[in-house]
Amino acid sequence: MALLIRNADIVNADSRYTADILCEDGVISRIGPGIAAPAGAEVIDASGKFVFPGFIDPHTHIYLPFMGTYSKDDYESGTKAALVGGTTTIFEMVCPSRDMSPADGFATWRAQAEGKACCDYAFHMGVTRFDAESAAQLREIVTREGVTSFKIFLAYKGAFGIDDAELWGTLKLARELGVVVAAHCENETLVAQLQRELLAAGRTGPEAHHDSRPPRVEAEGVHHLMSFAEQTGARTYIVHLSCRDALDEALAARARGVRVSIETLIQYLVLDKTYAELPDFEGAKYVMSPPLRDRSNQEILWSGLASGLVDTLGTDHAPFDFQTQKPMGRDDFTKIPNGIPSIEDRINLLYTHGVRRGRITLQQMVAVASTNAAKIFGLHPRKGVIQPGADADLVIYDPDYRGTLSAKTQTQNVDYNAFEGWAIEGRPSLVTVRGEVAVRDGRFVGTVGRGQLLRRSLDTDA
Ligand code: URP
Ligand code: ZN
Ligand code: ZN
């Protein structure tokens, strides 16, 4: 069925104007004044609301076997939660264990998503081992499946982490193919040493997590990646950058000509390390890596987003229950499953604490939470922009809505909300997935299984 949105205050990353939007056959077919409604079309009046291109979360973990357990959401609950929060495309990290082949890893993750995903999704293909066999399979995945980004971990040695020879091989292959390499940057040797010393000193609680991964550990990881990127010419993307020290390393490399994009997370903008210091193990809710930082980093990251130095805002959504999963590390913080769920809350927090507080503009919000990810990862202009020919993934956003975030009302499948009781000043009132209404007034009304695995384009400057 066609959908006509009248009086839309259209906000793109580089433009803002009022017009009607006609959606037919899953795409935006026309934008202009006074468009006549085709027979049978649903007509929605968007007066008083913003209309954004569907938001893109460049970093999620829906299916994640990690630290001896599995993240809680599945593709149905995770993508419903994404949509309720205004995110219409997610990027998932395919994270096979080191003894699983890339081909099996890709097939496993695809099987998790198919028939369940309610919004479109793309995969960053995790390279957790690099040898001749995996290189051949990675080539196939890139060329056959249109998966044009890799994900590597410079942390989690023995699990997902790769060594320097593997890093070199991965970046060389990425350079040759035109693939972007997304990287978790922390120096794992430093982490392991600091963890041992903290535990030996009796610091076993969640509050010690930060000191096992201080800013220099992350900055050293970034520096390391940048050195390898410089030598290979590969295009890189630093995931979940949390602090000034790491940003300085990335920007210094960028100034030398290293090809690097930078992602930060909503958690680092609105939470700080004191949350992980909450008593009675409550801090475990706030354990993730890199850790929440000293508050002084927040304004640096906000201004990085506003200035364009930081390209994207993701969630690294990794939900583990507080009652049953976080306690795996009750006596040893190194065993607390890492992650702070936020797939549902990213956009409302960004709008409330970014736009409403004057830290970023509406257009910068669209750039960092949608358009830039589409451009970096080969989805633009199909996604990330409202224009004729683009997918009709739209968010009609009500700036007059007032509400609070709570585990009691959330859609994501996890037993706590890291922002419990926080006020939000706006929310999506209607969300579409390729022209079909998927959310009305905070409730999922779409089709389970409608989400498609997206084929993406390669970096032609490789
Ligand atoms: O703490 C985090 N970030 N958990 C998810 C896995 C990762 O490192 O991205
Ligand atoms: Zn990570
Ligand atoms: Zn992650």
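Treat the numbers as computed from the prediction; the structure is a model and nothing was measured.

Visitor: How would you sum up the coordination of the zinc ion (ligand 2)? Please name residues and give values.
Guide: Bound to the zinc ion (ligand 2) on the protein side are His-184 (ND1) and His-240 (NE2), at distances that span 2.1 Å. With four donor atoms in place around the zinc ion (ligand 2) and angles of 56 to 149° between them, the coordination shape is irregular. The zinc ion (ligand 3) is placed at 3.7 Å from the zinc ion (ligand 2). Taken together, the residues His-184 in strand 12 (residues 180–184) and His-240 in the loop between strand 13 (235–238) and helix 8 (244–255) connect sequence positions 56 residues apart.

Visitor: Which residues make up empty space enclosed by the protein, and what are the values?
Guide: Any empty space left between the atoms is revealed when a probe the size of a water molecule rolls over them. Counted according to the given criterion, the structure contains four cavities of 30 Å³ or more. The calculated volume of the largest cavity comes to roughly 130 Å³. Along the wall of the largest cavity there are 17 residues; nearest its centre are His-61, Phe-66, Tyr-156, Asp-316 and Asn-338. For the lining of the largest cavity, the class distribution of residues is eight nonpolar, seven polar and two charged. Of the voids in this model, the second largest cavity is the one considered here, and its volume is about 50 Å³. Lining the second largest cavity we find Pro-96, Met-100, Ser-101, Pro-102, Gly-126, Val-127, Thr-128, Arg-129 and Leu-138.

Visitor: Could you give an account of the coordination of the zinc ion (ligand 3), naming the residues involved and the relevant values?
Guide: Bound to the zinc ion (ligand 3) on the protein side are His-59 (NE2), His-61 (NE2) and Asp-316 (OD), at distances that span 1.9 to 2.2 Å. Viewed at the metal, the four donor atoms of the zinc ion (ligand 3) are separated by angles of 86 to 138°, and the geometry they form is irregular. Spacing between the donor residues of the zinc ion (ligand 3) along the chain follows H-x1-H-x254-D.

Procedures and definitions
- Residues numbered from 1 in each chain as written.
- Chains lettered and ligands numbered in written order.
- Predicted model: local features only at pLDDT ≥ 70, side-chain atom pairs only at ≥ 80, totals over all residues.
- Heavy atoms only, no water.
- Donors = N, O, S within 2.8 Å, 3.2 Å for Na, K, Ca; no water.
- Tetrahedral: all angles 85-135°; square planar, octahedral: opposite > 155°, others 65-115°.
- Helix = DSSP H or I, 4+ residues; strand = E, 2+ residues; numbered from the N terminus.
- 1 Å grid on protein atoms, 1.4 Å probe; cavity = no way out; pocket = protein on both sides within 12 Å on 5 of 7 lines; lining within 4 Å.
- Points joined across faces, edges and corners; volume = space filled by probe spheres on them.
- Nonpolar A, V, L, I, M, F, W, Y, C, P; charged D, E, K, R; others polar.

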